[in-house]
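Tertiary structure, described
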Amino acid sequence: MSTASQKPVVLIAEELSPATVDALGPDFEIRHCNGADRAELLPAIADVDAILIRSATKVDAEAVAAAHQLKVVARAGVGLDNVDVAAATKAGVMVVNAPTSNIVTAAELACGLLISTARNIPQANAALKNGEWKRSKYTGVELAEKTLGVVGLGRIGALVAQRMSAFGMKVVAYDPYVQPARAAQMGVKVLSLDELLAVSDFITVHLPKTPETLGLIDDEALHKVKPSVRIVNAARGGIVDEEALYSALKEGRVAGAGLDVYAKEPCTDSPLFQFDQVVATPHLGASTDEAQEKAGIAVAKSVRLALAGELVPDAVNVQGGVIAEDVKPGLPLAEKLGRIFTALAGEVAVRLDVEVYGEITQHDVKVLELSALKGVFEDVIDETVSYVNAPLFAQERGVEVRLTTSSESPDHRNVVTVRGTLGDGEEISVSGTLAGPKHHQKIVAIGEYTVDLALADHMIVLRYEDRPGVVGTVGRVLGEAGINIAGMQVSRAVAGGEALAVLTVDDTVPQNVLSEVAAEVGTASVRSVNLA
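Scoring rules and cut-offs
- Residues numbered from 1 in each chain as written.
- Predicted model: local features only at pLDDT ≥ 70, side-chain atom pairs only at ≥ 80, totals over all residues.
- Heavy atoms only, no water.
- UniProt positions renumbered as here; feature names shortened; annotations may be inferred.
- Helix = DSSP H or I, 4+ residues; strand = E, 2+ residues; numbered from the N terminus.
- Buried < 20%, exposed > 50% of the residue type's maximum accessible area, 1.4 Å probe, protein only.
- Areas by Shrake-Rupley, 256 points an atom, 1.4 Å probe, with all protein chains shown as cover.
- Lys, Arg positive; Asp, Glu negative; His and termini not counted.
- Charge placed at Lys NZ, Arg CZ, Asp CG, Glu CD.
- Core = buried A, V, L, I, M, F, W, Y, C linked by side-chain atoms within 4.5 Å.
- Expected span 1.5 Å × (residues − 1).
- Arc of directions from axis to C-beta.
- Contact = heavy atoms within 4.5 Å.
- Polar contact = N/O pair within 3.5 Å; in protein donor to acceptor, adjacent residues only side chain to side chain.
- Pairing = 2+ DSSP bridges.
- Right-handed = clockwise from strand over helix to strand, strands pointing away.
- Salt bridge = Lys/Arg side-chain N within 4 Å of Asp/Glu carboxyl O.

- Per an unreviewed UniProt entry, the recorded name for the chain is D-3-phosphoglycerate dehydrogenase, and the organism is Streptomyces sulfonofaciens.
- The UniProt entry for the chain carries this comment under Pathway (unreviewed entry): "Amino-acid biosynthesis; L-serine biosynthesis; L-serine from 3-phospho-D-glycerate: step 1/3."
- Regarding the chain, the UniProt comment filed under Function (unreviewed entry) reads as follows: "Catalyzes the reversible oxidation of 3-phospho-D-glycerate to 3-phosphonooxypyruvate, the first step of the phosphorylated L-serine biosynthesis pathway. Also catalyzes the reversible oxidation of 2-hydroxyglutarate to 2-oxoglutarate."

1. What about the overall build of the chain?
- Looking only at helices and strands, the chain has 17 helices and 22 strands in total.
- With the C-alpha coordinates of the chain rotated into their principal frame, the extents come out at 105 × 50 × 40 Å.
- The buried share of the chain, reckoned over its 532 residues, is 49%.
- Carbon and sulfur atoms make up 50% of the accessible area of the chain, which totals about 24,700 Å².
- Charged side chains in the chain number 47 positive and 69 negative. The centres of these two groups are separated by 7 Å.

2. Examining the nonpolar core
- Ranked by internal contacts, the top residues of the largest apolar core, which has 71 residues, are Met94, Val303, Ile340, Phe341, Leu368 and Phe377.
- Broken down by element, this core gets its largest block of residues, eight residues, from helix α13 (residues 330–345).

3. A closer look at helix α12 (residues 289–307)
- Across its 19 residues, α12 extends 27 Å between first and last C-alpha, which sits within 8% of the 27 Å expected from 1.5 Å per residue.
- Listing the buried residues of α12 in full gives Ala291, Gln292, Ala295, Gly296, Val299, Ala300, Ser302, Val303, Ala306 and Leu307. All buried residues of α12 fall inside an arc of 165° around its axis, so they share one side. Turned more than 90 degrees away from the buried face of α12, the exposed residues are Asp289, Glu290 and Lys301.
- Packed against the buried residues of α12 are β1 (9–12), α1 (18–24), β3 (50–53), β4 (72–75), β5 (94–97) and α5 (103–119).

4. Some words on the side chain of glutamine 441
- Position of glutamine 441 among the secondary structure elements: in strand β17 (residues 440–446).
- A distance of 2.9 Å separates a polar atom in the side chain of glutamine 441 from a polar atom in the side chain of lysine 336.
- Residues contacting glutamine 441, with those up to four places away along its chain left out, are Pro332, Leu333, Lys336, Thr433, Leu434, Leu453, Ala454 and Leu455.

5. Let's talk about the environment of leucine 109
- By the element assignment, leucine 109 lies in helix α5.
- When its relative accessible area of 18% is taken as the criterion, leucine 109 is described as buried.
- Distance from leucine 109 to glycine 285, taken between C-alpha atoms, is 6.0 Å for residues 176 residues apart in sequence.
- Apart from the residues within four sequence positions on either side, leucine 109 is in contact with Asp260, Thr281, Leu284 and Gly285.

6. Some words on the pairing of strand β7 (residues 170–174)
- Judged from the five bridges that link them, strand β6 (residues 147–151) and β7 form a sheet pairing that is parallel. Note on β7: the bridge partner recorded for glycine 149 is valine 172.
- A crossover connection joins β6 to the parallel β7 through helix α7 (residues 155–165); in handedness this β-α-β unit is right-handed.
- Direction of pairing for β7 relative to strand β8 (residues 189–190): parallel, over a ladder of two bridges. Along β8, the bridge assignment pairs valine 172 with lysine 189.
- Handedness of the crossover is the feature at issue here: the chain leaves β7, passes through helix α8 (residues 180–185), returns alongside β8, and the resulting connection is right-handed.

7. A word on the pattern of salt bridges
- Per the stated rule, a full pass over the model turns up 28 salt bridges.
- For aspartate 49, the salt bridge is made with lysine 71, and the minimal N-O distance between the two is 2.7 Å. Separated by 22 residues along the polypeptide, aspartate 49 in the loop between α2 (38–44) and β3 and lysine 71 in the loop between α3 (61–66) and β4 bring together distant segments of the chain.
- One salt bridge connects glutamate 355 with arginine 419, and the closest N-O pair in it is separated by 2.8 Å. Of this pair, glutamate 355 sits in strand β13 (residues 351–358) while arginine 419 sits in strand β15 (residues 414–421), placing them 64 residues apart in sequence.
- Residue class for glutamate 355 comes out buried when judged on its relative accessible area of 9%.
- Looking at arginine 419, the relative accessible area reads 22%, which means it is partly exposed.

Okay, here's the thing in structure tokens:
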């Protein structure tokens, strides 16, 4: 770390709620900067471990390159348009956001825009405050008995559907990723986009911005709607084509619109603003005290996890997702098994299999594969290896990675095995388990040899021809080198055949001592494992 107190440094680059700092707790050095000012941001980010941002700070490839010890970028909100996720991933930097922090706030704003477009509330308010009493000009329409078309029935779309159903609206939806039965449980009928456009009196958009959704509501779509339709977009700018919407409003093919997002932001001068029937707000979808506090607290918790070396469920560039409590203790075990595998192999495998057996497989254990992969590359890559970039290192080196699971585990409640095939076809494997309520980490097998030894920071693994005196010889060489043996186990298939010994020792064993052990014992297979 970069401070005398050795505390990780967290840079807060934009104004966040006080609850965010409270959620971080006392374990970090907190710094502040104006992230929107590049001249201030780039030097400020150089030696920090984490940066917390909202939407004004751009953490692009240049910023990532300037951040020499950055481990996590945390966006206190949903969108990540201002973060170069690919650059962060390559650098091993975790990117987290707060995907559920503003769903209620965004849904409520969409409902507000919808009601405002139906009843002309902002326009009537402005006119009255300007001294004009124009009741007839601002006559609106009722929502009851009208059809609301929800484009995108995700979390926010579903909340809007639920709320507007309470107004007596009939709700239909277009979402190719939602099963009709699931929608029916919400009282929503799933239609094709063309069907939705044709029947809806109001349309509200709740989709992410992707190449597929950009311009989804375009000129062609707006020629299929009722002339009385009112369209709300509080999702992402560009999903509703603004030029097409302008033409439709001008030609009377659309009756009104409620907009909170725009193709280019900030947007203070749009042709759409000339229409009295357009209600416009400056991207207020997440702008409530509650949403900002929820977002800040969520990413603060994620930063704490990330800087503690744990996997973060809300990390957008890490495979895995929510980790079951029963799976979490296995993460450090799988990582250490990966490191042991690399120490035994002495090279990168052509193919790597992570095998998980036992009761734990009732949960999603994909994350154990990721943890093992992190361990495999930990001691052979000059760059920082993280949950984020470990799959990239495997891909770049042509390593085929597979996960195998089975609920059957005859000898232990749960077992994790890291098995790899080397370039010459040799197979190496190491297996481990967690013992007892305190989850003590143990090696239970190396290759075909069964062992039962607690994991230690320093270990020696050697294969040799089984004969009397070998253990004494190893002890003598280590003793003469001042290296204390803490534990030892020998395993063999048959007397006089090949045997395997695993020793735990108190210190790192120098290479010259390993070479002496190999020479005295008469074997070329002596490996040192250092997990400290």
